[in-house]
Structure formats: structure tokens, C-alpha cells
Amino acid sequence: MANLSLNKSSLQLQRSRLAMYERFLPSLDLKKQQLTAESKKTDLELTAAEQGAGMASRSLSGLLPILGAATMKLSGLVRIIRVDVGEEDVLGVRLPVLRAVEFHTDEYSTLATPFWIDNLVRCIKEVAAYRIRLHVYRERAARMREAVRRITQRVNLFEKVLIPNARRDIARIRIFLDDIERAAVVTSKIAKAKRARAQASADGSREIR
């Protein structure tokens, strides 16, 4: 505001800026709506993964009393050998995506091991897979929330700062230019009146002579 030039060129510049801001705002607002919808989707995915992880953990916990009485060696029974995490582009936001989790299970004899060993292997794999999935989904949700935060800041910048400031600047310049124009009209009328009086005085002097 302090450096605003109060002239017609500045008025045209501010009008151009306002038109540009008003043209960009709808697309920014649409992007905000789309990102918000995707963010809610990632939150739902995260919630579902948390629920699944809870169920898997409870299933594994149900086997603990049996494991306490087991005599066989269980350490290293199941190991993660590969986690494939890639990225995908969602509305311009790079999000991690879990492609695969591969396990290695030590060989064991179904005849020489307890009846619950298959269930134990399944539960261990489920818990491990869910923990990895949770890590990925939490990162997805965090990135989407950050994207929504940034786009919201941009929308607010246009809605609450750039557009109102441009409108105020335009109004300020127009008021100034209108005042200058009115002052010029008044000055012109005064000058015209003076010339008319001077002409009338001169005509009167000639008549007396």
C-alpha cells in the first residue's frame, strides 16, 4: 500500500492482477477439494489397517499361553526377506505404496510339530505384514494432510490477502484519480469563470470609452 502508484498505469496493473487471481482461485479451490477427499480416503485406509493390525495382534496374543508351554525352538521360524515399497502420483502428491511383503518360513514337519504351528505362522505373518502396512499408510496419510495444508494456505492467500488487497488498491487508485479529475474540472470552471469576468470587464471598459 505504501509503495502503490496512484496513476492509470498502476490501476491497469492492479486490475490485471485481480483478474489473474480470480481466474486461478477456482482451480486452486477445486484442487483443495480433491486433495481433501483423497486425504479422507487415506485416513480411512489407515483406520482399516489399524483395525486389521489389532485383530491380528489379538489372534497372536491368544496363542501366547500355548507358546509358553512349547518345547520346540520358535525363534527365526518366520523372517521377512523382502519388502517392496514404491510410489504413486495422486493429484501431484507422491505417496508410498506397498507392493509386496515376502516371508521365509523355516521348514517343519507337520507331524512332528504341535497342531497350532500353522496358525502361529499365519498370525506372525499377518502381524508383521500389518505393521509394515501401517507404516506405509501412516506416511501416505501424513503426506496427504501436508498437501491439504499447503493448498489450504494457497487458497487462503488468494481469498484473504491477494484478492482483497488488489480490490482495495483498485478502489484507492480510482478514488484518487476521481478526486484529481474532479479537481481538474473545478479548476477548469474557475479558470473559465475568470476568463469570462475578465472578458466582460474588458468589454465594459471599451463601451465606456
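Visitor: Explain the overall build of the chain to me, please; I cannot follow it from the model alone.
Guide: The secondary structure content of the chain amounts to 3 helices and 2 strands. The order of helices and strands in the chain, counted from the N terminus, is α-α-β-β-α. Here the chain holds 209 residues, and the buried ones make up 23% of them. Put simply, 77% of the contacts in the chain that link residues at least 6 apart link residues at least 24 apart.

Visitor: Help me out: how do you make sense of the packing of aromatic side chains in this one?
Guide: Aromatic ring pairs are reported here in terms of the distance separating the ring centres and the angle at which the planes meet. Evaluation of the coordinates by the stated rule reveals 1 aromatic pair. Measuring from ring centre to ring centre gives 5.6 Å for tyrosine 21 and phenylalanine 158, while their planes differ by 90 degrees; the resulting arrangement is edge-to-face. One end of the pair, tyrosine 21, is in helix α1 (residues 8–61); the other, phenylalanine 158, is in helix α3 (residues 117–208), and 137 residues separate them in sequence. Residue classification places tyrosine 21 among the buried positions, given a relative accessible area of 14%.

Visitor: Any chance you could explain the pairing of strand β1 (residues 78–90) here in plain terms?
Guide: Across a regular strand the side chains alternate sides, sitting on one face of the sheet and then on the other. Across 12 bridges, β1 lies against strand β2 (residues 93–105) in antiparallel orientation. Pairing of valine 85 across the sheet is with leucine 98, part of β2. Between the end of β1 and the start of β2, which pair antiparallel, lie 2 residues, with leucine 91 showing a positive phi angle near 55 degrees.

Visitor: Is there a simple way to explain the nonpolar core in this structure?
Guide: Where a protein is soluble and globular, its nonpolar side chains tend to be buried together. Leu35 and Val93 are the most contacted members of the largest nonpolar core, which has 20 residues in total. Breaking this core down by element, the ones donating at least two residues are α1, β2 and α3. Broken down by element, this core gets its largest block of residues, 10 residues, from α3. Not counting chain neighbours up to four residues away, the residues in contact with valine 93 comprise Leu35, Glu88, Arg143, Met144 and Ala147. Within the second largest apolar cluster, 8 residues are counted, among which are Leu63, Ile117, Val121 and Cys123.

Visitor: Can you help me understand the environment of threonine 42 in this one?
Guide: Within the secondary structure layout, threonine 42 lies in helix α1. Residue classification places threonine 42 among the buried residues on the basis of a relative accessible area of 2%. It is 7.6 Å that separates the C-alpha atoms of threonine 42 and methionine 144, two residues lying 102 residues apart in sequence. Beyond its immediate chain neighbours, meaning those up to four positions away, threonine 42 contacts Arg140, Ala141 and Met144.

Visitor: How do you make sense of α1 when you look at a structure like this?
Guide: Structurally, the α-helix is built with 3.6 residues per turn, so residues lying three or four positions apart point the same way. Along its 54 residues, α1 runs 77 Å from first to last C-alpha, staying within 8% of the 80 Å computed at 1.5 Å per residue. Its maximal kink placed at leucine 25, α1 deviates by approximately 25 degrees, while the proline proline 26 follows within four residues. Put simply, asparagine 7 is the residue that caps the front of α1, since its side-chain oxygen is 3.2 Å from the backbone nitrogen of serine 9.

Visitor: What exactly am I supposed to notice about the pattern of salt bridges here?
Guide: Once the charged atoms of two side chains with opposite charge are near each other, the side chains can pair. This model, assessed by the stated rule, comprises 17 salt bridges. In this structure, arginine 99 engages aspartate 84 in a salt bridge whose closest nitrogen and oxygen atoms are separated by 3.9 Å. Of the two residues, arginine 99 is situated in strand β2 and aspartate 84 in strand β1; the sequence distance between them amounts to 15 residues. Accessibility expressed as a relative area gives 54% for arginine 99, which makes it exposed.

Visitor: Even after reading the chapter, I still don't get a nonpolar patch on the surface, so can you show me in this structure?
Guide: Together, Ile80, Val83 and Val85 give the surface a local cluster of nonpolar side chains, amounting to about 220 Å² of exposed area. Residue placement: valine 83 occurs in strand β1.

Visitor: Before we go on, may I ask you to explain the side chain of arginine 140 in this structure?
Guide: Note on placement: arginine 140 falls in helix α3. Those residues in contact with arginine 140 that lie beyond four places of it in its chain are Thr42, Glu45, Glu88, Leu95, Pro96 and Val97.

Parameters at a glance
- Residues numbered from 1 in each chain as written.
- Predicted model: local features only at pLDDT ≥ 70, side-chain atom pairs only at ≥ 80, totals over all residues.
- Heavy atoms only, no water.
- Helix = DSSP H or I, 4+ residues; strand = E, 2+ residues; numbered from the N terminus.
- Buried < 20%, exposed > 50% of the residue type's maximum accessible area, 1.4 Å probe, protein only.
- Contact = heavy atoms within 4.5 Å.
- Phe/Tyr/Trp six-rings, centres within 6.5 Å; stacked < 30°, edge-to-face > 60°.
- Pairing = 2+ DSSP bridges.
- Core = buried A, V, L, I, M, F, W, Y, C linked by side-chain atoms within 4.5 Å.
- Expected span 1.5 Å × (residues − 1).
- Bend = angle between axes of the 7 residues up to and from the residue.
- Polar contact = N/O pair within 3.5 Å; in protein donor to acceptor, adjacent residues only side chain to side chain.
- Salt bridge = Lys/Arg side-chain N within 4 Å of Asp/Glu carboxyl O.
- Patch = residues over 30% accessible without salt bridge, like charges linked within 9 Å, V, L, I, M, F, W, Y side chains within 5 Å.
- Areas by Shrake-Rupley, 256 points an atom, 1.4 Å probe, with all protein chains shown as cover.

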